[in-house]
Amino acid sequence: GVSYAPDVLYRGLSTARILARIAALPRPDAIGVTTMFSQEWPHIEGTIKALRARFPKTPILIGGEHATACIGYTLRYCPNVDYVAAGEGETTIVEFAEFLDGRRALANVAGLHYRGTDGTPVSNPGRTRLRDPDDRQRALWMARVMREARYPDVWKFVALADVLSIYPLIRV
């Protein structure tokens, strides 16, 4: 069952409203979910279950500090999550979009963890943390370019609300 009641608000929106907002968009090619804090996980997991029910064939990627800390648990016990991005998500999401677009092999998305064809966990080589502020700005810029979709050959994030941390990836 759902860990929390579906009408509990997550950053101001109920699960039903989150689903409705995503459903109003063009069909997403993937859905990314930020999971920063472990105390939010029970509700986020319930929302992910609802996302999977509504979008059964859409890959779901989670990232953030909670996801990074709980890779093994997630791949073992959370069948609705397809991919876990560990480390610097601003760069990983760009490479993941390139994978979805057929321009990068899944094994070449650094910091990505997923289940192999036999169901066992696969961990790609890790991504080093960005320490230099200039590197962090470059990664944030790449994510911003995706969001704003300034170029037709990139993907964009469609933010559902300024504070919501669930982003459908939609080809533009």
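Residues numbered from 1 in each chain as written. Predicted model: local features only at pLDDT ≥ 70, side-chain atom pairs only at ≥ 80, totals over all residues. Heavy atoms only, no water.

Caption draft 1: Main features of the pattern of salt bridges. Counted according to the given criterion, the structure contains six salt bridges. By sharing partners, the salt bridges in this structure join Glu-95, Glu-98, Arg-104 and Arg-127 into a single network. (Salt bridge = Lys/Arg side-chain N within 4 Å of Asp/Glu carboxyl O.)

Caption draft 2: Representation of the side chain of Glu-98 in the model. Looking at where Glu-98 falls in the secondary structure, it is placed in helix H5 (residues 89-100). For Glu-98, a relative accessible area of 19% translates into the label buried. Ignoring sequence-local partners within four residues, the contact set of Glu-98 consists of Arg-103 and Arg-104. (Helix = DSSP H or I, 4+ residues; strand = E, 2+ residues; numbered from the N terminus. Buried < 20%, exposed > 50% of the residue type's maximum accessible area, 1.4 Å probe, protein only. Contact = heavy atoms within 4.5 Å.)

Caption draft 3: Local environment of helix H2 (residues 41-54). With 14 residues, H2 should cover 20 Å at 1.5 Å per step; its first-to-last C-alpha distance of 20 Å lies within 8% of that length. Judged by how many residues are buried, H2 sits mostly within the fold: ten of 14 residues are covered. Those residues of H2 lying buried are Trp-41, His-43, Ile-44, Glu-45, Gly-46, Thr-47, Ile-48, Ala-50, Leu-51 and Arg-52. (Expected span 1.5 Å × (residues − 1).)

Caption draft 4: Expanded view of the confidence of the model for the protein chain. The predicted model of the protein chain has a mean per-residue pLDDT of 75, with 67% of residues at 70 or higher. Per-residue pLDDT, averaged within each element of the protein chain, yields its smallest value for strand E6 (residues 155-157) (38) and its largest for strand E4 (residues 112-115) (96). Contacts from residues 148-164, a stretch scored under 50 in pLDDT, to residues over four places away or in other chains number 50 contacts. (pLDDT = per-residue confidence, 0-100.)

Caption draft 5: Focus on helix H1 (residues 15-23). Of all the positions in H1, only Thr-15, Ile-18, Leu-19 and Ile-22 are classed as buried. Summarising the axial view, the buried residues of H1 lie within an arc of 95 degrees, below the 170-degree limit, and thus occupy one face. (Arc of directions from axis to C-beta.)

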